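Architecture and fold: a report
Here is what each chain is made of, one letter per residue.
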Amino acid sequence: MDAQGLRERKKHETRIALSWAAIRLTVERGFDNVRIEDIAAEAGVSTRTFSNYFGSKGEAIVARHHDRARAIAAALRERPDGEPIWEAITQAALDGFALGEPAPTGQPADQSWVEGLRLMIAEPALQGEFQKAGAAAEAEFAAAVGERTGTDPARDVYPRLVAGVVGAALNVVTQQWLIAEPPQSLEGVLRDVFDRLSAGLPEPR
């Protein structure tokens, strides 16, 4: 890898480290009790470095949401040609959720972590950031669906419809995983949600 490639990788790793530091501290302390200085120190960088990547702690927290969506879109592009679209999307979503998460998708998370995530996601100060990240993610996923299906997101309804449905489904996966009693694996919840979509959302028996 050349010097430019190493620099880009280092920048990417620093961005991820800052985002995870923001999430960990917010889960542990609550949103209002975390400062940018705390996040920078947790990631082992200066506050100036933090400001080179994010404009606020909210942006840092939500960055993982956007990164995951980009990973899912990239994974969809790598799925085998001819694979049914919802099978491809399901596996891409599993790949994206497994990327760099604090616990394997196949296992229930620690309950204290889940409680903290519940509070973080419900934080009013973060709602606007989540919405912006969701819109950007939806556009990126629509482009990936368009490439796979030979449709144009600027003209055709299909890729935008699928991207909107997937975005909503991923929100439901997260919410269901957080409230499930007894705790369930993220993979199990995700497969259940996407199996229902693939089947056309039949009414529960």
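Rules used throughout
Residues numbered from 1 in each chain as written. Predicted model: local features only at pLDDT ≥ 70, side-chain atom pairs only at ≥ 80, totals over all residues. Heavy atoms only, no water. Helix = DSSP H or I, 4+ residues; strand = E, 2+ residues; numbered from the N terminus. Expected span 1.5 Å × (residues − 1). Contact = heavy atoms within 4.5 Å. Axes fitted to C-alpha atoms, helices over the stretch in contact; angles between N-to-C directions. Parallel < 35°, antiparallel > 145°, perpendicular 65-115°, else oblique. Left-handed = near helix turned anticlockwise from the far one by under 90°. Nonpolar A, V, L, I, M, F, W, Y, C, P; charged D, E, K, R; others polar. Core = buried A, V, L, I, M, F, W, Y, C linked by side-chain atoms within 4.5 Å. Buried < 20%, exposed > 50% of the residue type's maximum accessible area, 1.4 Å probe, protein only. UniProt positions renumbered as here; feature names shortened; annotations may be inferred. Phe/Tyr/Trp six-rings, centres within 6.5 Å; stacked < 30°, edge-to-face > 60°.

Under an unreviewed UniProt entry, the name given to the protein is TetR family transcriptional regulator, and the source organism is Amycolatopsis eburnea.

With that settled, consider helix 9 (residues 186-198). Given a rise of 1.5 Å per residue, 13 residues ought to cover 18 Å, and the 18 Å separating the end C-alpha atoms of helix 9 matches this to within 8%. Contacts from the buried residues of helix 9 go to helix 5 (85-98) and helix 8 (157-179).

As a further point, take the packing of helix 4 (residues 57-78) against helix 5. Helix 5 packs onto helix 4 with a crossing angle of 135° between their chain directions and a minimal axis gap of 8 Å. Considered as vectors, helix 4 and helix 5 are oriented oblique to each other. Considering only the axes of helix 4 and helix 5, their crossing is right-handed. From helix 4, R68, A71, I72, A75 and L76 reach across to helix 5, where they touch A88, I89, A92, A93, D95, G96 and F97. For the contact of helix 4 with helix 5, the residue count by class is nine nonpolar, one polar and two charged.

Our focus in this paragraph is the environment of A180. For A180, the location among the structural elements is in the loop between helix 8 and helix 9. Measuring from C-alpha to C-alpha, the distance between A180 and P153 comes to 35 Å, with 27 residues separating the pair along the chain.

What follows deals with the nonpolar core. If you look at the biggest cluster of nonpolar residues, it comprises 54 residues, and the most contacted ones within it are I39, L76, W86, I89, F141, V166 and F194. Elements with a minimum of two residues in this core: helix 1 (3-29), helix 2 (36-43), helix 4, helix 5, helix 6 (111-122), helix 7 (127-149), helix 8 and helix 9. Setting aside residues up to four positions removed in sequence, W86 forms contacts with V162, V165, V166, F194, L197 and S198.

Once that is clear, we can look at the UniProt feature "DNA-binding region" (unreviewed entry) in the protein. As annotated in UniProt, the feature "DNA-binding region" (unreviewed entry) corresponds to residues 35-54 in the numbering used here. Counted over residues 35-54, helix gives 75% and strand 0%. Its end C-alpha atoms are 13 Å apart.

In the contact formed by helix 5 and helix 9, the axes pass within 10 Å of each other and the chain directions differ by 160°. Judged by the inter-axis angle, helix 5 sits roughly antiparallel to helix 9. Where helix 5 crosses over helix 9, the handedness of that crossing is right-handed. When helix 5 is examined against helix 9, the residues W86, I89, T90, Q91, A93, L94 and F97 are found in contact with a partner set consisting of L186, E187, L190, R191, F194, L197 and S198. Of the residues assigned to the contact of helix 5 with helix 9, the class counts are nine nonpolar, three polar and two charged.

As a further point, take the packing of aromatic side chains. According to the stated counting rule, one finds two aromatic pairs in the structure shown. Ring plane angle 55° and centroid distance 5.8 Å describe the contact between F50 and F54, whose orientation is recorded as tilted. Judged by its relative accessible area of 0%, F50 is buried. Relative to F194, the ring of W86 has its centre 6.4 Å away and its plane inclined at 45°; by these criteria the two rings are tilted. Of this pair, W86 sits in helix 5 while F194 sits in helix 9, and the two are 108 residues apart along the sequence. On the basis of relative accessible area, W86 is assigned to the buried category, the value being 17%.

Those residues of helix 2 lying buried are D38, I39 and A40. Looking at the buried side of helix 2, the elements it contacts are helix 1, helix 3 (47-53) and helix 4. Positive phi shows up at G44, right after helix 2, with a value of about 75°.

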